[in-house]
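Residue-level structure breakdown
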Amino acid sequence: MIRRTFTTMVLAGAVALGLGVSAASAEPAKELRVGFQKYGTLTLIKARGTLEKRLAPLGIAVKWQEFPAGPQLLEALNVGSVDFGTTGEAPPIFAQAAGAPFVYVGYEPPTPVGEAILVPKDSAIQSIADLKGKKVALNKGSNVHYLLVKALESKGLSIKDIQSVYLPPADARAAFERGSVDAWVIWDPFLIAAQRATQARVLADGTGLVSNHQFYLSTRGYARDNPKVIGAFLEEIADVAAWASKSPAEAAGILAPQTGIEAGALEIAIARLGYGVKPLNEQVVAEQQRIADTFFGLGLIPKKIDVRDALPAAGS
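Figured I'd write up the structure that's included with this text. As the structure is a computational prediction, the values presented were derived from the model and not from experiment. (Residues numbered from 1 in each chain as written. Predicted model: local features only at pLDDT ≥ 70, side-chain atom pairs only at ≥ 80, totals over all residues. Heavy atoms only, no water.)

**Structural notes on helix α5 (residues 90-97)**
The following threshold applies: Note on classification: 1.4 Å probe, protein chains only; a residue is buried when its accessible area is under 20% of the maximum for its type, exposed when over 50%, partly exposed between these limits. Secondary structure elements follow DSSP: runs of H or I no shorter than four residues count as helices, runs of E no shorter than two count as strands, and numbering proceeds from the N terminus. Only heavy atoms enter the contact rule, under which two residues are in contact if any of them lie within 4.5 Å.
Most of α5 is tucked away: eight of the eight residues are buried. If you check which residues of α5 are buried, you get A90, P91, P92, I93, F94, A95, Q96 and A97. Buried positions along α5 lie against α4 (70-79), β3 (84-87), β4 (102-107), α6 (143-153), β10 (215-219) and α13 (282-297). G99 sits one or two residues past α5 and shows a positive phi near 90 degrees.

Rendered as structure tokens:
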């Protein structure tokens, strides 16, 4: 992606969706507070220190804050303790239903193999249908929540047919290894780390079930008032993603000390990533809307939402 045209593409994407683009209405911020998770493009950017260099000419300092998963990051975005972050496809749905004032500013290509339902290597569970009545660990409201719903639906089951055990990744792995749960729905790099450490079997990944997009999000106010900062950040994401796709071993070496996961496992996970960042299009918006409608139908969110209300300039 050509750097000088990236911000134009983001703004054009909003216009193409009929949303318009708002002019800045307040004094630009002097700090960008970034919420990140233990793995992914933002972790690479933090480790390399390249965002600070890119934003220095704009007079912007960067503050990083780590979160165990997307729902916790979105809560921080909701209460105003971070300005920008990345999550999977489900957390924004839960956050929007809770009234969080965020906007989608970009997305990464799909990575359906980057999340999966795991069972112990010697488990009697051989198919999704065998999960009926079983205890399944997952991080509530995360991207894998939707994977579990769709996987169960593919066998005529509902989320109500299993015993959902809501745990963050570290606690879920401990429960999985001691046999307190029968299955675990998890994403990379925790997925590949567990596979290599425990020889856990993949019962199903997202292939044919979900897209597993990653989304970049900002508070509505920050995105509206600091378009140059958001544009520069998206350009940095695009540049680092392009580098990582061509240098997976080097990227894994950077991520290993950050994640506590050995580089060999990370290199496999990196190969499964979708690289690049684009403005949302009609297809991606429609996919998000299907997730929202599914969760509402299951009673997982309290009200029906319109994903377009969380797009740039909507409601400004």
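**Some points on the pattern of salt bridges**
Quick note on the threshold: Any carboxyl oxygen of Asp or Glu within 4 Å of a side-chain nitrogen of Lys or Arg constitutes a salt bridge here.
Throughout the structure, instances matching the rule amount to twelve salt bridges. Across the salt bridge formed by D239 and R54, the nearest N and O atoms sit 2.7 Å from each other. Linking D239 in helix α10 (residues 227-246) with R54 in helix α3 (residues 50-55), this pair joins segments that are 185 residues apart in sequence. On the accessibility criterion, D239 (23% relative accessible area) is partly exposed. According to the relative accessible area criterion, R54 is buried, its value standing at 17%.

**Overview of unusual backbone geometry**
A cis amide bond links D188 to the next residue, P189, at an omega of 5 degrees. Within the secondary structure, P189 is located in the loop between β8 (183-187) and α8 (190-198). If you check the backbone angles, Q199 has positive phi at about 60 degrees while not being a glycine. Structurally, the position occupied by Q199 is in the loop between α8 and β9 (201-205). For Q199, a relative accessible area of 45% gives the class partly exposed. In this model, N212 sits at a positive phi of 60 degrees, which is unusual for a non-glycine residue. Mapping N212 onto the fold places it in the loop between β9 and β10.

**Overview of the sheet that holds strand β6 (residues 135-138)**
For clarity, the threshold we go by: Any two strands between which DSSP finds at least two bridges are classified as paired. Every angle, taken between N-to-C directions, lies between 0 and 180 degrees, and every axis is a line fitted to C-alpha atoms, over only the stretch in contact when it is a helix.
With mixed pairing, five strands are arranged side by side in an open sheet as β7-β6-β8-β5-β9. Unpaired on one side and paired on the other, β7 (163-166) and β9 mark the two borders of the sheet. Averaged over all pairs of adjacent strands, the angle between their axes in this sheet comes to 30 degrees, without regard to strand direction. Examined bridge by bridge, strand β5 (residues 115-119) and β9 share four bridges and lie antiparallel to one another. Across the sheet, I117 pairs through a bridge with A204, a residue of β9.

**Considerations on the packing of helix α2 (residues 41-48) against helix α11 (residues 248-259)**
Put simply, the rule reads: Orientation labels follow simple angle bins: below 35 degrees gives roughly parallel, above 145 gives roughly antiparallel, 65 to 115 gives roughly perpendicular, and whatever is left gives oblique.
Packing of α2 against α11 brings their axes to within 10 Å, and their N-to-C directions diverge by 90 degrees. One element, α2, and the other, α11, form an angle in the roughly perpendicular class. Between α2 and α11, the residues in contact are T43, L44, A47 and R48 and A251, I254, L255 and Q258, respectively.

**Thoughts on the environment of K150**
So the rule is basically this: Polar contact is defined as a pair of N or O atoms within 3.5 Å, subject to the rule that within protein one atom must be able to donate a hydrogen and the other to accept it, and that residues adjacent in sequence are counted only when both atoms are side-chain atoms.
Within the secondary structure, K150 sits in helix α6. Excluding residues within four positions of it along the chain, K150 makes contact with L209 and V210. Among the polar contacts made by the side chain of K150, one reaches the side chain of E153 at a distance of 3.0 Å.

**Some points on the pairing of β6**
Where we set the bar: The definition of a right-handed crossover adopted here requires that, viewed with the strands pointing away, the path from the first strand over the helix to the second runs clockwise.
Across four bridges, the pairing between β6 and β7 is parallel. If you follow L138 over to β7, its bridge partner there is Y166. On the question of chirality, the crossover connecting β6 to the parallel β7 by way of α6 is right-handed. Examined bridge by bridge, β6 and β8 share two bridges and lie parallel to one another. Paired with V136 across the bridge in β8 is A183.

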